[in-house]
Amino acid sequence: QRLKAAVHYTVGCLCQEVEEDKDVQFSKQSVAAISEITFRQCEIFAKDLEMFARHAKRTTVTTEDVKLLARRSNSLLKYITQKSEELASSNMEQKEKKKKKSSVAKGERTPGEQEAVVTENEDSNMA
C-alpha cells in the first residue's frame, strides 16, 4: 500500500511538471489511471527480472537482467548501460582508494612509490 501511494505521489509530481511545461491539465482520474498502470507494469517487470535470474540459476537479479528487460527501448537500454558503467567505474575507484589506504596503513608502498624506489636504486647502481 505504501509503495502504491509513493508511485501515485511521484506520478502526480511528474504530471504537475508536465502541466507547467506543456500548458496542459491532468484530471485526478487520469493521474490515478497512470499511477495504476505504472504500478502494474512495475509488478510485471519485477516478476520478469525474477524469472530471468531464476532461468540463469541465480537468486540475484543483475544489471544484465535489467538490460534484457529494457531491450525493446533503445533509449532506456542506452541509459541503463551508461549508468551501470558509471557505477562500475565508481566502484573500481573506491576499491583502489581502499587498497591504497590499507597498504599505507600497513606501511606498504603504492605502485607509483615502488617505481620511484626502483628508479632511485638503478640510479645509485649506475653511479
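For the chain, the name recorded in an unreviewed UniProt entry is Centromere protein S, with Nicator chloris as its organism. As recorded by UniProt, the Sequence similarities (unreviewed entry) comment attached to the chain reads in full: "Belongs to the TAF9 family. CENP-S/MHF1 subfamily."

Trainee: Help me understand the overall build of the chain, please; the structure alone is not making it clear to me.
Mentor: Secondary structure assignment for the chain yields 5 helices and 0 strands. For the chain, the succession of helices and strands along the chain, N to C, is α-α-α-α-α. Out of the 127 residues in the chain, the part that is buried amounts to 14%. For the chain, the share of sequence-separated contacts (at least 6 apart) that also reach a separation of at least 24 residues comes to 22%. Accessible area of the chain: about 11000 Å², with a carbon and sulfur share of 55%.

Trainee: Could you clarify how one ought to interpret the side chain of E19 in this entry?
Mentor: Within the element layout of this structure, E19 appears in helix α1 (residues 2-22). The side chain of E19 is buried and forms no salt bridge, while K28, the nearest opposite charge, is found at 11 Å.

Trainee: What is the right way to look at the confidence of the model for the chain in this model?
Mentor: Parts of the prediction with low pLDDT should not have their coordinates interpreted in detail. For the chain, mean pLDDT is 86; residues scoring 70 or higher make up 82% of the total. Per-residue pLDDT stays below 50 along residues 121-127; that stretch engages in 0 contacts with residues further than four places along the chain or on separate chains.

Trainee: Explain helix α2 (residues 28-55) to me, please; I cannot follow it from the model alone.
Mentor: Given 3.6 residues to a turn, an α-helix orients residues that are three or four positions apart in the same direction. Between its first and last C-alpha atoms α2 spans 40 Å; for 28 residues at 1.5 Å apiece the expected length is 40 Å, and the two agree. Looking only at α2, the buried set comprises V31, S35, F39, L49 and A53. K57 lies just past α2 and shows a positive phi near 60 degrees.

Trainee: Can you walk me through the nonpolar core in this structure?
Mentor: Taken as a class, soluble globular proteins show a tendency for nonpolar side chains to be buried jointly. Counting 5 residues, the largest nonpolar core is built from V7, V11, C15, V31 and F39. Counting residues per element, the ones that place at least two in this core are α1 and α2. Here this core takes 3 residues from α1, the largest share from any one element.

Conventions used here
Residues numbered from 1 in each chain as written. Predicted model: local features only at pLDDT ≥ 70, side-chain atom pairs only at ≥ 80, totals over all residues. Heavy atoms only, no water. UniProt positions renumbered as here; feature names shortened; annotations may be inferred. Helix = DSSP H or I, 4+ residues; strand = E, 2+ residues; numbered from the N terminus. Buried < 20%, exposed > 50% of the residue type's maximum accessible area, 1.4 Å probe, protein only. Contact = heavy atoms within 4.5 Å. Areas by Shrake-Rupley, 256 points an atom, 1.4 Å probe, with all protein chains shown as cover. Lys, Arg positive; Asp, Glu negative; His and termini not counted. Salt bridge = Lys/Arg side-chain N within 4 Å of Asp/Glu carboxyl O. pLDDT = per-residue confidence, 0-100. Expected span 1.5 Å × (residues − 1). Core = buried A, V, L, I, M, F, W, Y, C linked by side-chain atoms within 4.5 Å.

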